[in-house]
Structure formats: C-alpha cells, structure tokens
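Listed here are the chains, written in short residue letters.
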Amino acid sequence: MAKAVFEARAGEKVFAERVTGDCWKSPKQTISRQVSGKVYFTDQRIAFMASGLIGTESVSWEIEMKDIQSVKTCMTPPFFPFGVLITMKDGEKYKLALMKRGKYVDWISQHIS
C-alpha cells in the first residue's frame with residue numbers, strides 16, 4: 001500500500017501544514033509509543049501522516065474537527081511539556097507532541113463545535 005499523502009479538500013482552509021510532530025496515542029495504537037510524522041491542521045480536520053518507509057499507513061490518521069469533544073495540553077514521555085491531548089466525542093483519544101503546542105491548542109479550541 002502507498003504511503004499516506006495529505007491533500008486539501010476543495011474549499012478547505014489550511015492553518016498549518018507539514019508541522020513536525022510525534023503521535024503518542026491513537027485508536028490504531030494498542031500501546032502508547034512514539035511515531036514521528038507531519039501534522040496538518042485545517043478548518044475541517046487534523047491529519048497525521050507518519051514518516052518512515054514501511055507500515056506508515058497503519059499509523060497515519062485524520063480526524064474531523066466537528067468530532068472533537070475537547071483539547072488540552074499534557075505531558076509526553078518521559079516528562080516533556082509538548083503534549084496535546086485530543087478527546088473525540090466518541091471517547092477515543094489522540095496524543096500528539098508538538099513544539100509551540102500552545103498555538104495549536106488555541107487554534108483547535110476555537111474551531112471545535
């Protein structure tokens with residue numbers, strides 16, 4: 001299977017693209033582990049595209065802004081203040097590690113319904 005590639009939808013406004021980050025938790029991951037990649041933020045969704053050569057499509061994901069319940073800062077292992085915890089309306093959780101996380105948390109907070 002080909003590596004996941006981000007493509008903006010028609011009419012979608014991109015806030016930030018190719019933001020370097022790590023995913024520490026997603027519903028696809030059975031255990032919390034660090035997966036490096038790029039994050040894309042738009043007015044409609046957040047997408048994480050894992051980097052690497054093999055198996056990246058299995059840990060890449062995208063979520064719709066309308067499905068996000070809440071967002072808050074958190075710690076990432078071992079005790080780094082880079083975490084962004086996104087909780088979905090269905091209870092699923094996503095944890096990203098991002099530099100300058102405050103601007104992304106603020107932006108997500110302003111765009112969730």
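Computed from a predicted structure; not experimentally measured.

The next subject is the overall build of the protein. Across its full length, the protein holds one helix and seven strands. Written out in order from the N terminus, the α and β elements of the protein read β-β-β-β-β-β-β-α. Taken over C-alpha atoms, the radius of gyration comes to 13 Å for the protein, in line with the 13 Å a tight globule of 113 residues would show. Across the 113 residues in the protein, those meeting the buried criterion constitute 42%. Summarising the internal contacts of the protein: among those between residues at least 6 apart in sequence, 45% fall at separations of at least 24. Accessible surface, the protein: about 6,600 Å² in total, of which carbon and sulfur atoms supply 55%. In the protein, which carries 17 positive and 12 negative side-chain charges, the distance between the mean positions of the two groups comes to 6 Å.

Once that is clear, we can look at the pattern of salt bridges. Taken as a whole, this structure holds five salt bridges when the rule is applied. Among the salt bridges present, the one from Glu-64 reaches Arg-9, with a minimum N-O distance of 2.6 Å. With a gap of 55 residues between them, Glu-64 in strand β4 (residues 61–64) and Arg-9 in the segment before β1 (14–25) connect regions that are remote in the sequence. Residue Asp-67 is joined to Lys-66 by a salt bridge in which the shortest nitrogen-to-oxygen separation is 3.6 Å. The network of salt bridges with common partners includes Arg-9, Glu-12, Arg-45, Glu-62 and Glu-64.

The next point concerns helix α1 (residues 101–111). When we look at burial in α1, the residues that qualify are Arg-101, Tyr-104, Val-105, Trp-107 and Ile-108. Buried residues of α1, viewed axially, fall in a sector of 165 degrees; they line one side.

Before going further, it helps to examine the side chain of Ser-60. Checked against the element boundaries, Ser-60 lands in the loop between β3 (45–50) and β4. Exposure remark for Ser-60: the relative accessible area of 6% places this residue in the buried category. At 3.0 Å, the side chain of Ser-60 forms a polar contact with the backbone nitrogen of Ala-50.

The sheet contact formed by strand β5 (residues 68–76) and strand β6 (residues 80–88) spans seven bridges and is antiparallel. Across the sheet, Thr-73 pairs through a bridge with Val-84, a residue of β6. Two successive antiparallel strands, β5 and β6, enclose a turn made up of three residues.

The strand order β4-β3-β2-β1-β7-β6-β5 describes an open sheet built from seven strands, whose pairing is antiparallel. Taken across any chain shown, the strands that pair with only one partner, and hence form the sheet edges, are β4 and β5. Ignoring strand direction, the axes of neighbouring strands in this sheet form an average angle of 30 degrees. As defined by bridge partners, β3 adjoins β4 across four bridges and the pair is classed as antiparallel. Residue pairing in the sheet places Ala-47 in a bridge with Glu-62 of β4. Along the sheet, α1 contacts β1, β2 (35–42), β3, β5, β6 and β7 (93–98); its crossing angle with β5, the most-contacted strand, is approximately 165 degrees.

The rules we used
Residues numbered from 1 in each chain as written. Predicted model: local features only at pLDDT ≥ 70, side-chain atom pairs only at ≥ 80, totals over all residues. Heavy atoms only, no water. Helix = DSSP H or I, 4+ residues; strand = E, 2+ residues; numbered from the N terminus. Rg over C-alpha atoms; globule rule 2.2 N^0.38 Å. Buried < 20%, exposed > 50% of the residue type's maximum accessible area, 1.4 Å probe, protein only. Contact = heavy atoms within 4.5 Å. Areas by Shrake-Rupley, 256 points an atom, 1.4 Å probe, with all protein chains shown as cover. Lys, Arg positive; Asp, Glu negative; His and termini not counted. Charge placed at Lys NZ, Arg CZ, Asp CG, Glu CD. Salt bridge = Lys/Arg side-chain N within 4 Å of Asp/Glu carboxyl O. Arc of directions from axis to C-beta. Polar contact = N/O pair within 3.5 Å; in protein donor to acceptor, adjacent residues only side chain to side chain. Pairing = 2+ DSSP bridges. Axes fitted to C-alpha atoms, helices over the stretch in contact; angles between N-to-C directions.

Such coordinate-based values are descriptive only and should not be taken to indicate function.
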